[in-house]
Amino acid sequence: MYDITIFVLSDSIGETGSKLARASVAQFPDCSYEIKRYPYILSTSQIDDIFNEAKGIPAIIIYSTVVTEHIAHIEQLAKEFDIPTIDIMKKPLKAIAKILKENPVRESGILRKMDEAYFQTVDAIEFAVKYDDGKDPRGIRKADICLVGISRTSKTPLSMYLANKGYFVANVPLVPEAKLSDELYKKEKERIFGLTTNVETMMKIREERLIALGLPQNSLYSEVDRIEEEIEYADKIMKELGCDVIDVSSKAVEETASIIIETYEKRFSRR
C-alpha cells in the first residue's frame, strides 16, 4: 500500500490537478505515493465510484469542476468518508468574481472549447497556405470557401483573414492563359465567391505593386488592355460557375470578409 493515494477529479482533462498533486507530494521525498486521474467527470455516479475506491486508504481528493451539483456531492462524500479535499477552482473563481462583481457561468468544458477553436484556426491557416493561389486543385474540393478572381483582388489576404476566423479557404487565380481545374466546376456554387474590380482600381494597384518590386510600370501586367481582358475573362468564368460576385474595388479585406461570412453562415452550419 502506498503512503498516500491522490485522486484527481476533473470535468476536463485534469492536467492542472495532476501537476498540483505532483508538485505537492514532491516536498515529501520519503513518501511513496500514487496519483490517479479521473478526467471528464460528468455524473455523480462517477464520483460515487471514485470515493468507494478511496475510502479506507490514506487518500486525498483534488478536484476541479465548476458544476455546483458535483462540488456539493464531492464535499458531502468527503465528510461522510472523512477524506480531505482540495477544490482548486474555488479560490480563483471567488477572487475573480469579487473583482468583476459578477458570478462565473459555471459551464463545464469552456477551456476545452477554446482550445478546439484555437487548433481549428491553426489548421485553417495551414490549409490556406497550402492551397493558396491554386497550388493544388484538391484544396478546392476540401475547402469551406473557394475564392476566385484575377491577380491583386486580395485573394490571399482574404483567405488568411477568413482562416483566422476558422474557415478552410482555397483561392484560385483566373488567368486567361491558364486552364481551370475541373474541381472548380464540381464545387457547390454556394461555396464559391468571385472577387471582381474595375480597370482603374486594378491599374493603380498593379502599378504600385510594380514600383514595390522595382519593375518598369509599362509592364503588360498593368496595361489597360490586359486588365480589361482579364476582368472580362473572370466575369465570364464567374457566370459559368454561378457564384456570388463581390466588387472589391472600394472595400477593405475586413469588409469583404464580413460579406462572405454573413452569406456563408446563412447557407451552411459551421464545422
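Please read these numbers as outputs of a predicted model, since none were measured by experiment. (Residues numbered from 1 in each chain as written. Predicted model: local features only at pLDDT ≥ 70, side-chain atom pairs only at ≥ 80, totals over all residues. Heavy atoms only, no water.)

Visitor: Any details on the overall build of the chain? Residues and values, ideally.
Guide: The secondary structure content of the chain amounts to 11 helices and 8 strands. Scaling as 2.2 N^0.38, a compact globule of 271 residues should have a C-alpha radius of gyration of about 18 Å, whereas the chain reaches 29 Å, well beyond that. The principal-axis extent of the C-alpha atoms belonging to the chain is close to 85 × 40 × 40 Å. Of all 271 residues assigned to the chain, the portion counted as buried reaches 38%. Intrachain contacts of the chain at a sequence separation of at least 6 include 75% that bridge at least 24 residues. Carbon and sulfur atoms make up 54% of the accessible area of the chain, which totals about 15,900 Å². Side-chain charges in the chain split into 38 positive and 45 negative, and the spacing between the mean points of these groups amounts to 2 Å. (Helix = DSSP H or I, 4+ residues; strand = E, 2+ residues; numbered from the N terminus. Rg over C-alpha atoms; globule rule 2.2 N^0.38 Å. Buried < 20%, exposed > 50% of the residue type's maximum accessible area, 1.4 Å probe, protein only. Contact = heavy atoms within 4.5 Å. Areas by Shrake-Rupley, 256 points an atom, 1.4 Å probe, with all protein chains shown as cover. Lys, Arg positive; Asp, Glu negative; His and termini not counted. Charge placed at Lys NZ, Arg CZ, Asp CG, Glu CD.)

Visitor: Outline the pattern of salt bridges, supporting the account with residue identities and numerical values.
Guide: If you walk through the whole model with that rule in mind, you get 11 salt bridges. For Glu 230, the salt bridge is made with Arg 226, and the minimal N-O distance between the two is 2.9 Å. With Glu 230 and Arg 226 both in helix H10 (residues 224–241) and 4 residues apart, the pair spans about one turn of that helix. Residues Glu 230 and Arg 226 agree in their burial class; the two are buried. Note that Arg 267 and Asp 244 form a salt bridge whose closest N and O atoms lie 2.9 Å from each other. Taken together, the residues Arg 267 in helix H11 (residues 253–267) and Asp 244 in strand S8 (residues 244–247) connect sequence positions 23 residues apart. Residue class for Arg 267 comes out partly exposed when judged on its relative accessible area of 33%. Among the residues examined, Asp 244 registers a relative accessible area of 27% and is labelled partly exposed. A single salt-bridge network, built from bridges that share partners, covers Glu 177, Arg 226, Glu 229 and Glu 230. (Salt bridge = Lys/Arg side-chain N within 4 Å of Asp/Glu carboxyl O.)

Visitor: Any details on the sheet that holds strand S4 (residues 85–87)? Residues and values, ideally.
Guide: Sheets are built from strands that pair by backbone hydrogen bonding, the pairs being arranged parallel or antiparallel. Across the sheet, which stays open at both edges, the 4 strands sit in the order S2-S1-S3-S4 with parallel pairing between neighbours. Across the chains shown, the open sheet's two edge strands, defined by having one partner strand only, are strand S2 (33–38) and S4. Averaged over neighbouring strand pairs, the angle between their axes works out to 15 degrees when direction is ignored. By the bridge criterion, 3 bridges tie strand S3 (residues 59–64) to S4 in an arrangement that is parallel. Across the sheet, residue Ile 62 finds its bridge partner in S4, namely Ile 86. The strands touched by helix H2 (residues 44–54) are strand S1 (4–10), S2 and S3; relative to S1, the strand with the most contacts, the crossing angle is about 175 degrees. Contacts from helix H3 (residues 68–81) reach S1, S3 and S4, with the element oriented near 160 degrees to S4. (Pairing = 2+ DSSP bridges. Axes fitted to C-alpha atoms, helices over the stretch in contact; angles between N-to-C directions.)

Visitor: So what about the side chain of Thr 153? Which residues, and what values?
Guide: Its location among the elements puts Thr 153 in the loop between strand S5 (145–149) and helix H7 (155–163). Thr 153 sits in the buried class, given a relative accessible area of 1%. Only 2.7 Å separates the side chain of Thr 153 from the backbone oxygen of Ile 150, close enough to count as a polar contact. Not counting residues up to four positions away in its chain, the partners in contact with Thr 153 are Leu 195, Thr 197, Met 202 and Val 248. (Polar contact = N/O pair within 3.5 Å; in protein donor to acceptor, adjacent residues only side chain to side chain.)

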